[in-house]
Amino acid sequence: MVVATSVEALLPSSAGLHSLSLSSASTAGSLQLPLSPLHFEPTAGWGRFFQVRASTAAVESTARTSVAVVRIGTRGSPLALAQAYETRDKLQSAHPELAEEGALEIVIIKTTGDKILNQPLADIGGKGLFTKEIDDALLGGCIDIAVHSMKDVPTYLPEGTILPCNLPREDVRDAFICPTASSLAELPAGSVVGSASLRRQSQLLYRYPCLKVVNFRGNVQTRIRKLSEGSVHATLLALAGLKRLSMTEHITAILSTEEMLPAIAQGAIGIACRTGDEKMGKYLGSLNHEETRLAVACERSFLETLDGSCRTPIAGYAFRDKDGSCSFRGLIASPDGSKVLETQRKGLYQYDDMVAMGKDAGQELLNRAGPGFFDW
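Residues numbered from 1 in each chain as written. Predicted model: local features only at pLDDT ≥ 70, side-chain atom pairs only at ≥ 80, totals over all residues. Heavy atoms only, no water.

As annotated in an unreviewed UniProt entry, the chain is Porphobilinogen deaminase, chloroplastic from Adiantum capillus-veneris. What UniProt states about the chain under its Subcellular location (unreviewed entry) heading is, verbatim, "Plastid, Chloroplast". The UniProt entry for the chain carries the following comment under Sequence similarities (unreviewed entry): "Belongs to the HMBS family." (UniProt positions renumbered as here; feature names shortened; annotations may be inferred.)

This next bit is on the overall build of the chain. Helices and strands together make up the secondary structure of the chain, namely 11 helices and 16 strands. For the chain, long-range pairs separated by at least 24 residues make up 68% of all intrachain contacts whose partners lie at least 6 apart in sequence. Of the roughly 17300 Å² that the chain leaves accessible, carbon and sulfur atoms contribute 53%. (Helix = DSSP H or I, 4+ residues; strand = E, 2+ residues; numbered from the N terminus. Contact = heavy atoms within 4.5 Å. Areas by Shrake-Rupley, 256 points an atom, 1.4 Å probe, with all protein chains shown as cover.)

Tallying each qualifying case throughout the model produces 22 salt bridges. Arg320 serves as the salt-bridge partner of Glu291, at 3.4 Å between the closest nitrogen and oxygen. Note that Glu291 is positioned in helix α10 (residues 290-306) and Arg320 in strand β14 (residues 314-320), a separation of 29 residues in sequence. A single network of salt bridges, built from pairs that share partners, joins Arg71, Asp144, Arg274 and Asp277. (Salt bridge = Lys/Arg side-chain N within 4 Å of Asp/Glu carboxyl O.)

A few words on the nonpolar core. By size, the foremost hydrophobic cluster in this structure holds 25 residues, and its most contacted members are Phe302, Ile314, Cys326, Phe328 and Ile332. The set of elements that each furnish at least two residues to this core consists of α10, β14, β15 (326-333) and α11 (351-369). With 7 residues, α10 is the largest single contributor of residues to this core. Once residues lying within four places of it in the same chain are set aside, the contact partners of Ile332 are Leu306, Pro313, Ile314, Lys339, Val340, Leu341, Leu365, Ala369, Phe373 and Phe374. If you look at the next biggest cluster of nonpolar residues, it comprises 20 residues, including Leu91, Ala103, Val147 and Tyr283. (Core = buried A, V, L, I, M, F, W, Y, C linked by side-chain atoms within 4.5 Å. Buried < 20%, exposed > 50% of the residue type's maximum accessible area, 1.4 Å probe, protein only.)

Attention shifts here to the packing of α10 against α11. At a closest axis distance of 7 Å, the pairing of α10 and α11 adopts a crossing angle of 30°. Relative to α11, the element α10 lies roughly parallel. Helix-helix and strand crossings are classified by hand; for α10 and α11 the assignment is right-handed. When α10 is examined against α11, the residues Arg293, Leu294, Ala295, Ala297, Cys298, Ser301, Phe302, Thr305 and Leu306 are found in contact with a partner set consisting of Tyr351, Met354, Val355, Gly358, Lys359, Ala361, Gly362, Gln363, Leu365 and Leu366. Taken together, the residues of the contact of α10 with α11 break down into 12 nonpolar, 5 polar and 2 charged. (Axes fitted to C-alpha atoms, helices over the stretch in contact; angles between N-to-C directions. Parallel < 35°, antiparallel > 145°, perpendicular 65-115°, else oblique. Left-handed = near helix turned anticlockwise from the far one by under 90°. Nonpolar A, V, L, I, M, F, W, Y, C, P; charged D, E, K, R; others polar.)

Attention now goes to the packing of aromatic side chains. Taken as a whole and assessed by the stated rule, the structure comprises 2 aromatic pairs. With 5.1 Å between their ring centres and 65° between their planes, Phe302 and Phe328 make a pair best called edge-to-face. Taken together, the residues span a long stretch of sequence, with Phe302 in helix α10 and Phe328 in strand β15 at a distance of 26 residues. The buried category is assigned to Phe302, whose relative accessible area is 0%. For Phe328, a relative accessible area of 2% corresponds to the buried category. When the ring centre of Tyr349 is taken as reference, the NZ or CZ atom of Arg320 above it lies at 4.1 Å. (Phe/Tyr/Trp six-rings, centres within 6.5 Å; stacked < 30°, edge-to-face > 60°. Lys NZ or Arg CZ within 6 Å of the ring centre and 35° of its normal.)

Moving on: helix α9 (residues 278-285). Turning to α9, its buried residues are Met280, Tyr283 and Leu284. Down the axis of α9, the buried side of the element spans an arc of 95°, and every buried residue falls inside it. Residues of α9 that are exposed and point over 90 degrees away from its buried face: Glu278 and Lys282. Buried residues belonging to α9 abut β4 (70-74), α2 (78-94), β6 (145-149), β7 (161-166) and β13 (269-274). (Arc of directions from axis to C-beta.)

On to the environment of Val172, then. Relative to the elements of secondary structure, Val172 occurs in the loop between β7 and β8 (174-177). Here Val172 falls in the buried class, since its relative accessible area comes to 5%. With 85 residues separating them along the chain, Val172 and Thr257 place their C-alpha atoms 8.1 Å apart.

Below, the discussion takes up the side chain of Asp135. Mapped onto the fold, Asp135 is located in helix α5 (residues 132-139). The buried charged residue Asp135 lacks any salt bridge partner; its closest oppositely charged side chain belongs to Lys132, at an N-O distance of 8.3 Å. If sequence neighbours within four positions are ignored, Asp135 has contacts with His148 and Pro158. (Lys, Arg positive; Asp, Glu negative; His and termini not counted.)

Turning next to the pairing of strand β11 (residues 234-238). Among the 5 residues that make up β11, 5 are buried, leaving the element largely enclosed by the rest of the structure. Side chains Ala234, Leu236 and Ala238 project from β11 onto one buried face, and the interleaved Thr235 and Leu237 project onto a second face that is buried too. The sheet contact formed by strand β9 (residues 192-194) and β11 spans 2 bridges and is parallel. Bridge pairing in β11 places Val193 opposite Ala234. (Pairing = 2+ DSSP bridges.)

On to the sheet that holds β8, then. The sheet built from 5 strands is open, its strands ordered β10-β9-β11-β8-β12 with mixed pairing. Looking along the sheet, the strands with just one partner apiece sit at the ends: β10 (212-214) and β12 (253-254). Inspection of the sheet shows β8 paired to β11 by 4 bridges, in the antiparallel sense. Paired with Phe176 across the bridge in β11 is Leu236.

Below is the structure:
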C-alpha cells in the first residue's frame, strides 16, 4: 500500500505558483495541486480553475515534454530512503533530463515487514515481506522502478519484473556495537546480544556459546536506541547501512568476514523495473555495476540451490581477489550454532562460471548436511 507519495505540480515552478495538499485516508498520501495567486480565486470555484488550466495547456505541454518522470518506489525507513536518494542522485548525474525539477519522484511504500516488528521474520513469512508490496506497486503501474536491499530480495523475482541493475557494493562486513566491551570476545558469559538474523545468531553462538541472543528487530536508529536503553548488552549491524546513514560513530569494532560471514548480497542495492519497459531498462542499465552484479549472482545461486529462507542460517560472499579471479565462501548452520558447514570455491570472474560456482557450492553443502539438516 502506498502510504506517502506526491504528484508534481501541474504548472512549472518558474511561474511562481504554490501548491495545495489534499490528504486521502485510503492512501495516506497527498496530492499536490497547483494554486495560483494570480488566476485562482476560491470564490470562483473549481470551474474557474480548470478554465485557467485549459488556457495555459499548450504552453505547459511545450515546457514539460522534455521532462521524463520516473517514480522511485522504496520502503520508508531512513536506510531505505538513503538508498532511494542514492539512486535518484545517480540517475540525475547520468541523465541530465532527469535533473529537471519534477522529473524524479520518490514514492514510499509500507511493507508487511515494516508493520510487524515484534516477531522474527521467519515466523511471519520471511524476507519477501520487505518486497511484496513494492513489487505489487511496480506491477500495478504505481511506480516505475523499485529500489531494494538485495539481501531482502527472494531468489525468484515476480513474473513481469526484471532486476537489471546493481549499484556499486558497499562494505559487506558486520559491525559490533557495544557500550561496555570493545569486542565480542570481551563480553562476559551470559551477555545478551540483540539480533533478528539467524545467520548472525548461529555464527555468534558457534564461536561464543556462552552468550545469549534475543530477537531484536526495527530500523538502525531503533536498535541503537534500544541498546542505549539497556535492552541488550550489544548488537550487530551491517556496516553498509551505518555508512549510508552516516552513523559510523556508533561502531565499536568491525568484524572480519572470517569471524562473521555476511548475508547473501549484503551491502548491495538492486533496482527493478517492469519486463519490457525499455525506457526504464536503459536508465537502470546505465547505472549497473557489473562486478557487483556478478558477485551477487554467484551468492544468490548458492542461496537458490539451498532453497534458503529466513529459517535457514545461510551466509555467502563472492569477490574479485588480487588475481582477478572470483573467490567464494559459503556457510550453512543450525540456529543454535552447534553445527556449521563451510565450503570455498575459486574460478573465473565471469557470469556463467560464477553462477555455476555458487550452485556447485550449494549442492556440496546439501550433500554434506544430509536429510533433516534444515528442519528446525
